[in-house]
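# Overview (structure and organization)
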Amino acid sequence: MVEEKGTISVHTENIFPIIKKFLYSDHEIFLRELVSNAIDATQKLQKLASMGEFQGELGELKVKVAFDKDAKTITVSDQGIGMTAEEIKKYINQIAFSGATEFVEKYKDKGDDKQIIGHFGLGFYSSFMVAEKVEIVTRSHQDGAEPARWVCDGSTEFEITTAEKAERGTDIILHVADDSTEFLDSWRLRQILEKYCRFLPVPVEFEEKIINDTAPLWTKAPADLTDEDYLSFYKKLYPTAADPLFWVHLNVDYPFNLTGILYFPKVAKDFEMHRDKIQLYSRQVFITDEVKDVVPEFLMLLHGVIDSPDIPLNVSRSFLQADSNVKKINGYISKKVAEKLHELFKADRKAFEEKYDSIDVFVKYGMIADDKFYDRSKAFTLLQNTEGKYFTLDEYQEHIKANQQDKDETLVILYTTDPARQDTYIQGVRDRGYDVLKLDGVIDNHFINTLEQKLEKVSVRRVDSDTLDKLIDKGTQAESVLSDADKEKVKEVFNQALDRKDVNVEALSPDDLPVLITLPEFMRRMKDMARYNGMGAMMGNLPDQINVVVNGNHPLVTRLAGETDAEKQKALAQQAFDLALLSQNMLNGKALTDFVRRSVSFIS
Ligand SMILES: Nc1ncnc2c1ncn2[C@@H]1O[C@H](COP(=O)(O)OP(=O)(O)OP(=O)(O)O)[C@@H](O)[C@H]1O
């Protein structure tokens, strides 16, 4: 018997086609919404029972998801608080509808902004994305409540009748539309449940199996957990990943609510974007693994889960970025991570050093991106020299202080981006007793800039950026063996032999090579940056700017100056230049072949 017929009051007559259209890419979330509602209803009842306001038998509370391929239905059932006919009118016809209407009003002009959609909890009405008709059969927990049935076929009209229902709780029955029959499938439903519902707090049953873990690790107290617990939870989240290095258990309830566990994965130096991502939950319901804005960008390489009811999920991304809670969460996470790393550093420096290569990228990225993180991390950030020894920033400055100050008392940090290729230069500076850092990671270029900005009176230079005397200019210049006239002569010979105009002849130390090719630090860094930022076409592809310096004090050059045979002079100049190119790994093609042939003729 029909008790009541009515029209749902909405401004938009065709609300369902619009919902369907806008949520096109995300139809599967209907199940998340219905199961979360069922969980909410169950927890509300538990709450009433704990306050003594519900005295009946709770029984074994669980949520059941079932489907019937022939009848084309999907049913979500709970034994929660249920609804009376009056409550259906209030909660389903008014409240749920207002949410759906608001959504449509807000976003109908925004075309396909999928980000908005993914974060919008449409609640109960999202079931119309996949159903042509939805039925609610429900019985309230209140004593003597009449079971009620609500039906709506996706138009703005609904029908409420009495119903037969012996058990307390609610069944939501979806009559699946013809274009959504993909959901009448065991594998598909299980996949959706595993994605969104695997950590829900009330047991969820599908095909006679409970699919969820109702008390995931992040909801427990860190003091009760062992390393094995953390490791096995990680395996559950990322079955194929190698064991993580360490983890941070997040737990805060003021000024916002947030729990979670972040794991540090093993990361290679040249990291690629990771497939495994941090998962964002709201009260144990999976929301998304697009955690941009919520997690500081430099920590996006971490793995794990974050659960916060305070992250607004139903708003656009730009709003999320501006949201003050989100900003605080960001700051909190970055602080906790820095604290954890500092703790590990203090507890066992050796173990920390062993794992350092894997966290090097996070730390440096964080220091570049976030001043506060820089300040929190500077005590444990490590630099490694070419001998494999690790130093903190302070230790390193202390280490090189005695030997690597220039005449203006600026401390010069020397580094290599490729120990094998720059070996000649590294050996050269090491012969002077200088130390060389290995800064060969993808973001070291940026990190070097940050270091120069942050450290006082420090300049950072690559080993091949200048001649030995000038790398660290101590104000002492070697006496020139050549006269000024000879210098001019040598310069002329080289310019002609090499077909250049810019060769310099300088009085270098006799330990230097006869000819040196240096890549000026500033230009090289600009180019590297351009390449890194994907602007290679503009700048990165320009040929390397090189300086050619002839060492007037090298015996070979003195000999060349005294040589009378012009051909021989030219060959010597060419040979010395090629050797310099070779030490910079710049000799190839025809030049390399010529060099080899010339060398053979010299020795035969
Ligand atoms: N299984 C259920 N048992 C009892 N009440 C329910 C059930 N499903 C929905 N309701 C009632 O209907 C209301 C509207 O549900 P709907 O899912 O549209 O919105 P919501 O759950 O309040 O918010 P959200 O948009 O975040 O899902 C709920 O607040 C609840 O009162």
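What you are looking at is a predicted structure, and each value in this text was computed from that prediction instead of being measured.

So, about the nonpolar core. With 113 residues, the main nonpolar core has V35, L193, V204 and I261 as its most contacted residues. A total of 9 residues in this core trace back to one element, the largest contributor, which is helix α2 (residues 29-50). Grouped together as the second largest cluster of nonpolar side chains are 21 residues, A497, V515, L516 and F577 included.

Moving on, we get to the environment of W247. By the element assignment, W247 lies in strand β10 (residues 246-252). By the C-beta count within 10 Å, which is 21 here, W247 ends up buried. For the pair W247 and G441, spaced 194 residues apart in sequence, the C-alpha to C-alpha distance is 23 Å. Excluding anything up to four places from it in sequence, W247 contacts Y230, I261, L262, Y263 and F264.

With that settled, the discussion passes to α2. Taking 1.5 Å per residue as the helical rise, α2 with its 22 residues ought to reach 32 Å, and the 31 Å between its terminal C-alpha atoms agrees with that figure. Positioned one or two residues after α2, G52 has a phi angle of 80 degrees, which is positive.

Here strand β11 (residues 258-264) lies mainly inside the structure; 7 of its 7 residues are buried. Of the two faces of β11, both are covered, the one formed by L258, G260, L262 and F264 as well as the one formed by T259, I261 and Y263. Between the end of β10 and the start of β11, which pair antiparallel, lie 5 residues.

Note the cis peptide between Y254 and P255, where omega equals 0 degrees. Locating P255 in the fold gives a position in the loop between β10 and β11. Its identity is not glycine, yet E207 carries a phi of approximately 50 degrees, on the positive side. Relative to the helices and strands, E207 is located in the loop between β8 (204-206) and β9 (209-210). We note that E208 has phi near 65 degrees; this positive angle belongs to a residue other than glycine.

Strands sit in the order β10-β11-β14-β12-β13 across an open sheet of 5 strands; the sheet is mixed. Only two strands of the sheet have a single partner each, and these edge strands are β10 and β13 (285-288). Within the sheet, the average angular offset between the axes of one strand and its neighbour, ignoring direction, is 20 degrees. Two elements, strand β12 (residues 278-282) and β13, share 3 bridges in a ladder whose sense is antiparallel. Each bridged residue has a counterpart across the sheet, and for S282 the counterpart in β13 is V285.

Turning our attention to the environment of E157. Tracing the sequence through the fold places E157 in strand β6 (residues 157-162). A sequence separation of 152 residues divides E157 from K5, and the C-alpha atoms of the two residues are 7.6 Å apart.

In this section: the pairing of β10. Regular strands place their side chains on alternate faces of the sheet. Sheet topology note: the β10/β11 ladder contains 7 bridges and is antiparallel. The residue bridging L250 from the neighbouring strand is G260, located in β11.

Taken over all residues, the pLDDT of the chain has a mean of 86, while the share at 70 or more is 86%. Taken together, the stretch residues 111-121 has pLDDT below 50 and engages in 21 contacts with residues farther than four places along the chain or on a different chain. Across the predicted assembly, pTM comes out at 0.79 and ipTM at 0.97.

On to the packing of helix α9 (residues 349-369) against helix α13 (residues 444-454). A packed helix pair is summarised by two numbers, namely the angle formed by the two axes and the spacing between the axes. Packing of α9 against α13 brings their axes to within 9 Å, and their N-to-C directions diverge by 50 degrees. Classified by the angle their axes make, α9 and α13 are oblique. When you trace α9 past α13, the crossing you get is left-handed. Contacts between α9 and α13 involve K364, M367 and I368 from the first element and H446, F447 and T450 from the second. When the residues that make up the contact of α9 with α13 are grouped by side-chain class, the tally is 3 nonpolar, 2 polar and 1 charged.

Once that is clear, we can look at the sheet that holds strand β21 (residues 515-518). Strands belonging to one sheet form pairs held by backbone hydrogen bonds; the direction of such a pair is parallel or antiparallel. Reading across from one edge, β20-β22-β21 is the order of the 3 strands in this open sheet, with mixed pairing throughout. Edge positions in the sheet fall to β20 (504-506) and β21, since each of these pairs with one other strand and no more. Each neighbouring strand pair of the sheet contributes to a mean axis angle of 30 degrees, computed without reference to strand direction. Pairing of β20 with strand β22 (residues 547-551), which is carried by 3 bridges, proceeds in the parallel orientation. In the sheet register, E506 faces β22, and the bridge partner there is N551.

The next subject is the packing of helix α15 (residues 484-498) against helix α19 (residues 566-583). Relative to each other, α15 and α19 sit at 75 degrees, their axes nearing to 9 Å. In this view, α15 runs roughly perpendicular relative to α19, as classed from their interaxial angle. For the pair α15 and α19, contact is made by V493, F494, A497 and L498 and by Q569, K570, A573, Q574 and F577, respectively. For the contact of α15 with α19, the per-class residue count stands at 6 nonpolar, 2 polar and 1 charged.

What follows concerns the environment of Q569. Following the sequence through the fold, Q569 ends up in helix α19. Accessibility expressed as a C-beta count within 10 Å gives 21 for Q569, which makes it buried. Filtering out sequence-adjacent residues up to four positions away, Q569 remains in contact with V493, L560 and E563.

Thresholds, definitions, all that
Residues numbered from 1 in each chain as written. Predicted model: local features only at pLDDT ≥ 70, side-chain atom pairs only at ≥ 80, totals over all residues. Core = buried A, V, L, I, M, F, W, Y, C linked by C-beta atoms within 7 Å. Buried ≥ 20, exposed ≤ 12 C-beta atoms within 10 Å, placed from the backbone. Helix = DSSP H or I, 4+ residues; strand = E, 2+ residues; numbered from the N terminus. Contact = placed C-beta atoms within 7 Å. Expected span 1.5 Å × (residues − 1). Pairing = 2+ DSSP bridges. Axes fitted to C-alpha atoms, helices over the stretch in contact; angles between N-to-C directions. pLDDT = per-residue confidence, 0-100. Parallel < 35°, antiparallel > 145°, perpendicular 65-115°, else oblique. Left-handed = near helix turned anticlockwise from the far one by under 90°. Nonpolar A, V, L, I, M, F, W, Y, C, P; charged D, E, K, R; others polar.

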